[in-house]
Structure formats: structure tokens, C-alpha cells
Amino acid sequence: MAEHAPFLGETVAVMGLGRAGLPGAQALMRLGARVLAWDDSAAARQQAASAGVPLADLATADFATVDALLLSPGIPHRLPAPHPVAARALAAGRPIVCDADLLYRAVRAAGSAARFAGVTGTNGKSTTTALLGHILVMAGRPHAVGGNLGTPALALDILGSDGIYALEMSSYMLERIARIRFDAAAMLNLSPDHLDRHGDMAGYEAAKRRIFDRQDGGCTAVVGIDDAHGRAIAEDLAAGPAPLIRISGAAAVPGGVYVENARLIDARGPHPRRIASLVRHPTLPGAHNAQNAAAAAALALALGIPAEDVGAGIASFPGLPHRQQRVAELDGVLFVNDSKGTNADAAARALACYPRVFWIAGGRAKEGGIAPLAPLFPRIARAFLIGESATAFAATLAAHGVAHEVAETIEAAVPAAFAAARAEAPAVVLLSPAAASFDQFANFEARGEAFRAAVARLARERRP
């Protein structure tokens, strides 16, 4: 697409210059906006200044001259307490926007009719978004993948009218959208998460459901019905205006897209057809990944991708790091990195894939801790606990008679788990922490890399 300046004459304040904010500020400048950028971190401000982004202390800036505030998704504007800069913008009556909204506006201003696919849910967003992107690769369609996964939305290229955007949308992003309309939108599942940010489960669900805002009869809503919240949302959306596709990773869904007996089935027409096989799929194990595959397939089919390309994409999907990633096998012990399992529901999905595991868990606990995992505790041969939550998790496991020890760090947990697992080989050592990473790591990726590094050290030590 030709260069254009949809934000010419507008002033956009950008608060937070991290993974999304700095690329967003740079993109806004390229698209014609006057940018006033700030971060509470001096190091982030220095990096932005070195990149040519103009800085302005938004704690004192005149918001009467600002058209909108692009606020980093991780910075609250409402709960648990608004950031002071967000409070100033709201007091001045200025909108707080999401970068996906700005991308949508830029694409439409360029005269492009490119379509937008959005993916949300508590778990599985990244895998589903990446899988949809891989299907689009196999289909040879111009596309861009990003949002909460990988490249921030506003840093994506402006595609032509034949292009498709596949965007992972977090609840933090969705609560700030006002313009974007998703031609195909998926809600995978819903379980308690980020309740401090959204107030309660109702607030969290309301933010997630905004992915379906502004859809019309030319759009498609895809909803997972493997949990009670999803089933209720599907019932609400069944009346339209967008056609609804129900999906499941565990049971047949008449008129939907589902996985049954490890076969992905499209039952939307009069004659159900098999799209792909998930039998022993190395990068999509378990019922939760079956649902992810069903969601990606439903989105792709709704966007007009031929069934054979959908099947080819699923069959060749390489998977994502830190999501049930097979790291290595040593002396009959398989090491699996599921660092993205940051809550109990996500960890449950990983634990359910293996009949018996040596489990590494812990970090900064989410509400409810690991108590919801009690039905899966019989699968745990021994747990190795790390981080802030180690003592609390140990108490829960002790109450259920689960063998465990406090390792404190991944560096200590990995060799301890290996030593225990070797005695029962073949065996699985699973990192699926059921907790956030921020007590010991910058993010779940850093935690996963620490796990991989610890396994690599074991491998080196075993070489003659």
C-alpha cells in the first residue's frame, strides 16, 4: 500500500514505551501523528529517545491539546487503580485507545478492505492465533499476525484488500477498543484470570465479549463450548447478528467445528467432513489443543480458506515455544516446557496430557492457587515448587497427600526432578507453573528459557 498519513494533524500521547508502546509511537509518527511519549522507567525513555521518539512528561502535559492516549495494555486506566496519566486523560475527556483500533483505522484510511480475525479467551490465544497464521501461510494468503502475540498491532504492515490480519486480543486490549470490527472473532474459553484488573468475573467476561462488538451479518462469531461460560456466551450470540460457529475439542457439535476421536470435523453443512487428524500430533497435544485447532479451522473456513489448506496447516504446525514445548529427552525422561501455563486452568490442560508427571510449579500465585487442580493430583508423582507461592502450594499438596519438595528455583528444581524421574523412566518432567512469573522473572518467556537452559546443562553434564 502507498504511504499515507491518517493521523496527520492529530496529537497522540503514548504512555508506556515497552514491547507495544515504543513500536506504536514509531508507527504513529510514520502515519503522520504528533507524538508525546513517556515511560516511568528512565531506561525506557532513553531507549525511546535514541530511537527518535519525542519525549514529554505526561504528568504535566496539557491534555487539552491531545486527541487520544495510547496506553500500554499492562497499565491500568480503571482498576485496580488508574495510572495518574490515565486519570489525567480521562479527566480531560480524552479517549484511551488500543493499538489494534489505530491499526484498523490506518488500514481503512489507506483504502484497504483487508479483513480482521481476532482471537481471545483465557487460555490458548497464542497457539490459536499462530496456527491461524500458519494456515494462511499454507493457503498463500497475504497476512499479518500480531497483537498480544509477537508484533504489536500498530507495527504490522498495512495490507491490501486481499490481506488478513490475525490478532491475539487480550482482555487488557479489548477493554479499550472502540472502532475495530472483526470479520471473524473467536472466544476460546473463559476461567477466572486478571480479576484485579477487571473487578470480578463479570467484568472480565464483559471485556472479553467486546471482541464481538460491531459484528454484523457479514461477520462470523466462533465460540468454544467446552466450559460453562462459553456455552452461555454462545447461547447469547446465537440470535446474531453474526452467524455463530460453536467449537469443541472434546465432543461432537452438530452444525459446528469439533474434534472427536482425534479427528477434526467440519459439520456446518449437510455432510460433515474430516479436515485433519490430530492423532499423536506432536505440537497440538491434549483436548485443549484440539479446541485450539477447531477454533483456528473455524476462523479460517469462515474467511474462505479451502479445507485442504486448513488441514495442511494443522498437519504442519510447528508449535509455539513455552506452550507444551518438548525441550529434550534424557535417559528416557521427556522435558516439557509449558511456562505459559500461568494459571491453574492452563496447568490443568497440561497435566491432563500425561498419566504421570514430575511437576515443576510455582511463582506468583493467581487467585485460588492450585486448589482447582485437585482432581489431577493423582497424576503427580512428585512436585518441585519454586517462587513466592512455594509454601502455599506445598500446603495444598500436603493436604491431598501429594509428594513434593520446595526447590525455590528452576535451577534447583530441574536436576531434582530429573533424578526422581530417572528412577521411573520413561517419565515426564513438566514445567507448567500455574502461577505468574513476575516474582523471579521478567515474563513467562524468561522462565521458560531458564528451564531450557537448566535442561541443556543436564545434557552437557551427561556427555562423556
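Residues numbered from 1 in each chain as written. Predicted model: local features only at pLDDT ≥ 70, side-chain atom pairs only at ≥ 80, totals over all residues. Heavy atoms only, no water.

For the rest of this paragraph, the subject is the overall build of the protein chain. Counting secondary structure elements, the protein chain contains 15 helices and 21 strands. Here the C-alpha coordinates of the protein chain stretch approximately 70 × 60 × 45 Å along the principal axes. Across the 464 residues in the protein chain, those meeting the buried criterion constitute 56%. In the protein chain, the proportion of contacts linking residues at least 24 apart, taken out of those at least 6 apart, comes to 66%. Here the protein chain displays about 17,900 Å² of accessible surface, and carbon together with sulfur accounts for 53% of that area. (Helix = DSSP H or I, 4+ residues; strand = E, 2+ residues; numbered from the N terminus. Buried < 20%, exposed > 50% of the residue type's maximum accessible area, 1.4 Å probe, protein only. Contact = heavy atoms within 4.5 Å. Areas by Shrake-Rupley, 256 points an atom, 1.4 Å probe, with all protein chains shown as cover.)

Turning our eyes to something else, we now look at helix H5 (residues 125-139). Taking 1.5 Å per residue as the helical rise, H5 with its 15 residues ought to reach 21 Å, and the 21 Å between its terminal C-alpha atoms agrees with that figure. Burial analysis of H5 places 13 of its 15 residues in the buried class, the great majority of the element. (Expected span 1.5 Å × (residues − 1).)

Tallied over the entire structure, the rule returns four aromatic pairs. A ring pair is formed by Phe116 and Tyr165, whose centres lie 4.6 Å apart and whose planes are at 15°; its orientation type is stacked. Linking Phe116 in strand E5 (residues 115-120) with Tyr165 in strand E7 (residues 164-168), this pair joins segments that are 49 residues apart in sequence. No difference in accessibility class separates Phe116 from Tyr165, as the two residues are buried. Linked through ring pairs, Tyr104, Phe116 and Tyr165 together constitute an aromatic cluster. Arg197 extends its terminal NZ or CZ atom over the ring of Tyr172, reaching a point 3.9 Å from the ring centre. A cation sits over an aromatic face here: Lys340 above Phe444, 5.3 Å from the ring centre. (Phe/Tyr/Trp six-rings, centres within 6.5 Å; stacked < 30°, edge-to-face > 60°. Lys NZ or Arg CZ within 6 Å of the ring centre and 35° of its normal.)

Packing of H5 against helix H10 (residues 286-302) leaves a shortest axis separation of 9 Å and a crossing angle of 45°. With respect to H10, the element H5 is oriented oblique. The chirality of how H5 crosses H10 is right-handed. On H10, the residues that touch Thr127, Thr128, Leu131, Leu132 and Ile135 of H5 are Asn289, Asn292, Ala293, Ala295, Ala296, Leu299 and Ala300. (Axes fitted to C-alpha atoms, helices over the stretch in contact; angles between N-to-C directions. Parallel < 35°, antiparallel > 145°, perpendicular 65-115°, else oblique. Left-handed = near helix turned anticlockwise from the far one by under 90°.)

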